[in-house]
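Okay, here's what each chain looks like letter by letter:
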Amino acid sequence: EHYAPAGVPRRKGPDGALGGPIADRLAAQRAASQRQRAAAMIVDLLDRAIPGTPHRVGLPGTRSGITAIGDLAALSGNGPALLLYDVSNPAQPSEVGSWTGLTRIDAVASDDSRLFALQATSGVTVLDTTTPASLITVGDIALTETSRSLAAYGDLLLIGDTRGLVLVDVTTPAAPGTPARVVDSGVAIAVAARADVALVAGAQRGVEIIDLADTT
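No experiment lies behind these values; they were computed from the predicted model shown.

Explain the pairing of strand 11 (residues 123-128) to me, please; I cannot follow it from the model alone.
Both faces of the sheet carry side chains from a regular strand, because those side chains alternate between them. Of all six residues that make up strand 11, five are buried, and the element is covered over most of its length. As defined by bridge partners, strand 10 (residues 114-119) adjoins strand 11 across six bridges and the pair is classed as antiparallel. Bridging from a neighbouring strand, Leu115 pairs with Leu127 of strand 11. Between the end of strand 10 and the start of strand 11, which pair antiparallel, lie three residues.

Printed below as a string of structure tokens:
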């Protein structure tokens, strides 16, 4: 039951439930709590045998992915779509940039100086991070399937979508190659690459391993 001070009428909300000052205050607190739920944890791994104390960083909006690029951590999501933090001092991370070129970014990957920002239903935006406070769009990759994940490997970009895996040559970001499908066996939940091997985690089918030594 909701209570209101004497003389203050109790109100009914859209669902017919009674409301009042206390209910309004609780609703505001819940909304504030939800806005503050996004966070990142930073751990110093200089001594891998004894990892440092995790440092929690509260973040605005919601976050859907993270990648490291030098001393930067790039976090995708919305409100804003992309955040950049300097994590050179794990105990005192600082925001150094953001990007609002899209309303939402669903996943993010990086190489030495570029960020690849994936929007699930439209494609990938390539961003130059030379100046973190002012990210520059240097290319766009249009995709035909809804995509869930991506990974950068040298001059290749691996993109997992509803059919499997596609590869894109990003040697020249302003003129990326045509996406080439190499796996066509169902939804790719996550992708990764290392030592000329691509790993594709599929929905209910385990992990597929693809040789990237020759992608011609």
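After that view, the rundown keeps rolling.
Help me understand the sheet that holds strand 12 (residues 136-142), please; the structure alone is not making it clear to me.
Sheets are built from strands paired through backbone hydrogen bonds, the pairs being either parallel or antiparallel. Taken in spatial order, the four strands line up as 9-10-11-12 in an open sheet, and their pairing is antiparallel. In this open sheet, the two strands that pair with only one neighbour each are strand 9 (107-110) and strand 12. Mean inter-strand twist for the sheet, computed between neighbouring axes without regard to direction, equals 20°.

Even after reading the chapter, I still don't get a nonpolar patch on the surface, so can you show me in this structure?
On the surface, Leu199, Val207 and Ile209 cluster together to form a nonpolar patch covering roughly 300 Å² of accessible area. Mapped onto the elements, Ile209 comes out in strand 19 (residues 206-211). Assessed through its relative accessible area of 65%, Ile209 is described here as exposed.

Sorry if this is basic, but what is going on with unusual backbone geometry here?
What you tend to see is this: most non-glycine residues have negative phi, and most peptide bonds are trans. Look at the link from Gly79 to Pro80: it is a cis peptide, with omega at 0°. Considering the arrangement of structural elements, one finds Pro80 in the loop between strand 6 (72-78) and strand 7 (82-86). The backbone phi angle of Ala195 is positive, close to 50°, even though this residue is not glycine. Inspection of the secondary structure puts Ala195 in the loop between strand 17 (188-194) and strand 18 (197-202). The class of Ala195 is exposed, set by a relative accessible area of 54%. A positive phi angle, near 65°, is found at Asp196, a position not held by glycine. By secondary structure assignment, the location of Asp196 is in the loop between strand 17 and strand 18.

Conventions used here
- Residues numbered from 1 in each chain as written.
- Predicted model: local features only at pLDDT ≥ 70, side-chain atom pairs only at ≥ 80, totals over all residues.
- Heavy atoms only, no water.
- Buried < 20%, exposed > 50% of the residue type's maximum accessible area, 1.4 Å probe, protein only.
- Helix = DSSP H or I, 4+ residues; strand = E, 2+ residues; numbered from the N terminus.
- Pairing = 2+ DSSP bridges.
- Axes fitted to C-alpha atoms, helices over the stretch in contact; angles between N-to-C directions.
- Patch = residues over 30% accessible without salt bridge, like charges linked within 9 Å, V, L, I, M, F, W, Y side chains within 5 Å.
- Areas by Shrake-Rupley, 256 points an atom, 1.4 Å probe, with all protein chains shown as cover.
- Salt bridge = Lys/Arg side-chain N within 4 Å of Asp/Glu carboxyl O.

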